[in-house]
Amino acid sequence: GATPEEILEASKPIVPNQISRMKFIIQVFLTTGIMYEDIVLFIQNLTFDEAQKYVILTRLRSATHFDRESSDLLTIAQMMGITQEQLDEIFINGNLIE
């Protein structure tokens, strides 16, 4: 008795809350063509104050995993033109990498 919209929503894959660093780096490239080094360079060239950039870069370089709802991730992704749909794809498909 579900509507077509409800069936479509129920059939969507669940977006994981976390992804390992290795899987994230690989899947960002596979989904967007953006290499890890490009992300670091992008952050280094931001007009943020040096302390803020240092914190973001330290988190990026030291992370063992990435959280889907991380404010750093969401902000940098938006600034780099990565959509919410692409982030979902990164977390879904990235977690399938062996």
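Conventions we followed
Residues numbered from 1 in each chain as written. Predicted model: local features only at pLDDT ≥ 70, side-chain atom pairs only at ≥ 80, totals over all residues. Heavy atoms only, no water. pLDDT = per-residue confidence, 0-100. Helix = DSSP H or I, 4+ residues; strand = E, 2+ residues; numbered from the N terminus. Salt bridge = Lys/Arg side-chain N within 4 Å of Asp/Glu carboxyl O. Buried < 20%, exposed > 50% of the residue type's maximum accessible area, 1.4 Å probe, protein only. Core = buried A, V, L, I, M, F, W, Y, C linked by side-chain atoms within 4.5 Å. Contact = heavy atoms within 4.5 Å. Phe/Tyr/Trp six-rings, centres within 6.5 Å; stacked < 30°, edge-to-face > 60°.

A. Representation of the confidence of the model for the protein chain within the structure. Taken residue by residue, the protein chain gives an average pLDDT of 93. The fraction at 70 or more is 100%. Looking over the protein chain, one finds the lowest element-wise mean pLDDT in helix 1 (residues 4-11), namely 79, and the highest in helix 2 (residues 21-32), namely 97.

B. The arrangement of the pattern of salt bridges in detail. Overall, the coordinates contain three salt bridges when judged by the stated rule. With a shortest N-O distance of 3.1 Å, K53 and E50 are connected by a salt bridge. Taken as a pair, K53 and E50 lie in helix 4 (residues 50-62) at a separation of three residues, close to a single helical turn. On the basis of relative accessibility, which here comes to 8%, the residue K53 falls in the buried class. Under the relative-accessibility criterion, E50 is labelled exposed at 59%.

C. Structural detail: the nonpolar core. If you look at the biggest cluster of nonpolar residues, it comprises 21 residues, and the most contacted ones within it are F24, I39, I43, L60, F66 and F91. Counting only elements with at least two residues in this core, the list comes to helix 2, helix 3 (36-44), helix 4, helix 5 (71-79) and helix 6 (84-94). The element that contributes the greatest number of residues to this core is helix 3, accounting for four residues.

D. Region of interest: the side chain of Q27. With respect to the helices and strands, Q27 occurs in helix 2. Given a relative accessible area of 6%, Q27 falls into the buried group. Q27 has contacts with E89, I90, N93, G94 and I97, leaving out every residue within four places of it along the chain.

E. Focus on the packing of aromatic side chains. Within the structure shown, the criterion is met by two aromatic pairs. Between the aromatic rings of F24 and F66, the centroid separation amounts to 4.1 Å while the plane-to-plane angle is 25°, which identifies the pairing as stacked. Here F66 lies in strand 2 (residues 65-67) and F24 lies in helix 2, a separation of 42 residues in the sequence. Here the two residues F24 and F66 agree in accessibility, since each one is buried. A centroid spacing of 6.3 Å and a plane angle of 65° characterise the contact between F24 and F91, whose relative ring orientation is edge-to-face. One end of the pair, F24, is in helix 2; the other, F91, is in helix 6, with 67 residues separating them in the sequence. For F91, a relative accessible area of 0% translates into the label buried. An aromatic cluster of at least three residues, connected via ring pairs, comprises F24, F66 and F91.

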